[in-house]
Amino acid sequence: DQQVKQNSPSLSVQEGRISILNCDYTNSMFDYFLWYKKYPAEGPTFLISISSIKDKNEDGRFTVFLNKSAKHLSLHIVPSQPGDSAVYFCAATILNYGGSQGNLIFGKGTKLSVKP
Amino acid sequence: DAGVTQSPTHLIKTRGQQVTLRCSPISGHKSVSWYQQVLGQGPQFIFQYYEKEERGRGNFPDRFSARQFPNYSSELNVNALLLGDSALYLCASRRGKVMNTEAFFGQGTRLTVV
């Protein structure tokens, strides 16, 4: 059973336009969410995070939105650039959980292609 | 500062063999986590170590074990390798033990079991 789902394996966007990557989760105990970007032959790189007490967090061109009632979050990239082409992973965790601290639950990823 | 370093970068092993993967965290980082990423999937949590103690374990068989040394580097050991263990093994380090501090990943070790 997948607790974090990224249902779009790929997304293609024109340079300068908005990229919207979606993520759904099933575990209502998740209280912290993260997005990572991964280029081929590199490890994932942290992009942006959001706590469940917020519904939006912004960092430059990147904004993450959280809809707790729908158990849905999205990453918006505006404007999209060719260098943003990578695989994007959504991850979730439960802060201060006594059992498995350090446990990030990842989705399968969405491959974003930004075309010039 | 050097990032998280993992060795080796690539490895080919035969079924039934044992393998040891190594990870050096960023200087000052005391927490190390290990993840397995099979093709087409997201990384899956294996272990977390903080201050040399196991703080979390994912749903992996006992063939998987790890340890953290006094200098905070870590080793992941897998015994009796199966074809299904072929994957990218990622190590992540963070300064503290809770998740709202940023985790930095190494480039991974690509393990192929034949």
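1. Notes on the side chain of Ser74(A)
All names here are of chain A.
Working step 1: For Ser-74, the location among the structural elements is in strand S8 (residues 72–77).
Working step 2: With relative accessibility at 8%, the residue Ser-74 sits in the buried group.
Working step 3: Not counting chain neighbours up to four residues away, the residues in contact with Ser-74 comprise Ile-20, Leu-21, Asn-22, Trp-35, Thr-63, Val-64 and Phe-65.

2. Things to note about the interface of chain B and chain A
Working step 1: Taken together, the contact between chain B and chain A spans 23 residues of the former and 22 residues of the latter.
Working step 2: Around 1,800 Å² of area is buried between chain B and chain A when both sides are counted, 59% of it from carbon and sulfur atoms.
Working step 3: Summed over the shared surface of chain B and chain A, the result is 0 salt bridges.
Working step 4: Elements with a minimum of two residues in the side of chain B that touches chain A: strand S4 (31–37), strand S5 (44–50), strand S6 (53–57) and strand S9 (87–94) of chain B.
Working step 5: Partitioned by chemical class, the residues of the side of chain B that touches chain A number 9 nonpolar, 10 polar and 4 charged.

3. A short note on the sheet that holds strand S1 (residues 5–7) of chain B
Think of a sheet as strands paired side by side through backbone hydrogen bonds, with each pair either parallel or antiparallel.
Residues and elements named next belong to chain B.
Working step 1: Taken together, 4 strands build an open sheet; the order of strands is S1-S3-S8-S7 and the sheet is antiparallel. At either end of the open sheet lies a strand with only one pairing partner, and these are S1 and strand S7 (64–68). Going from strand to strand, the sheet's axes swing by 15 degrees on average, the running direction of each strand aside.

4. Looking at the nonpolar core
Residue and element names in this part refer to chain A.
Working step 1: Among the nonpolar cores identified, the biggest contains 24 residues, and Phe-33, Trp-35, Leu-73, Leu-75 and Tyr-88 are the most heavily contacted of them.
Working step 2: Elements with a contribution of two residues or more to this core: strand S3 (19–25), strand S4 (32–38), strand S5 (45–51), strand S7 (62–67), S8, strand S9 (86–93) and strand S11 (110–115).
Working step 3: Here this core gets 4 residues from one element, more than from any other, and that element is S9.
Working step 4: For Tyr-88, the residues in contact, after removing those within four places along its chain, are Gln-6, Leu-21, Trp-35, Tyr-36, Lys-37, Leu-47, Leu-75, Ile-77, Gly-109, Thr-110 and Leu-112.

About the thresholds
Residues numbered from 1 in each chain as written. Chains lettered and ligands numbered in written order. Predicted model: local features only at pLDDT ≥ 70, side-chain atom pairs only at ≥ 80, totals over all residues. Heavy atoms only, no water. Helix = DSSP H or I, 4+ residues; strand = E, 2+ residues; numbered from the N terminus. Buried < 20%, exposed > 50% of the residue type's maximum accessible area, 1.4 Å probe, protein only. Contact = heavy atoms within 4.5 Å. Buried area = accessible area lost by both parts, 1.4 Å probe. Salt bridge = Lys/Arg side-chain N within 4 Å of Asp/Glu carboxyl O. Nonpolar A, V, L, I, M, F, W, Y, C, P; charged D, E, K, R; others polar. Pairing = 2+ DSSP bridges. Axes fitted to C-alpha atoms, helices over the stretch in contact; angles between N-to-C directions. Core = buried A, V, L, I, M, F, W, Y, C linked by side-chain atoms within 4.5 Å.

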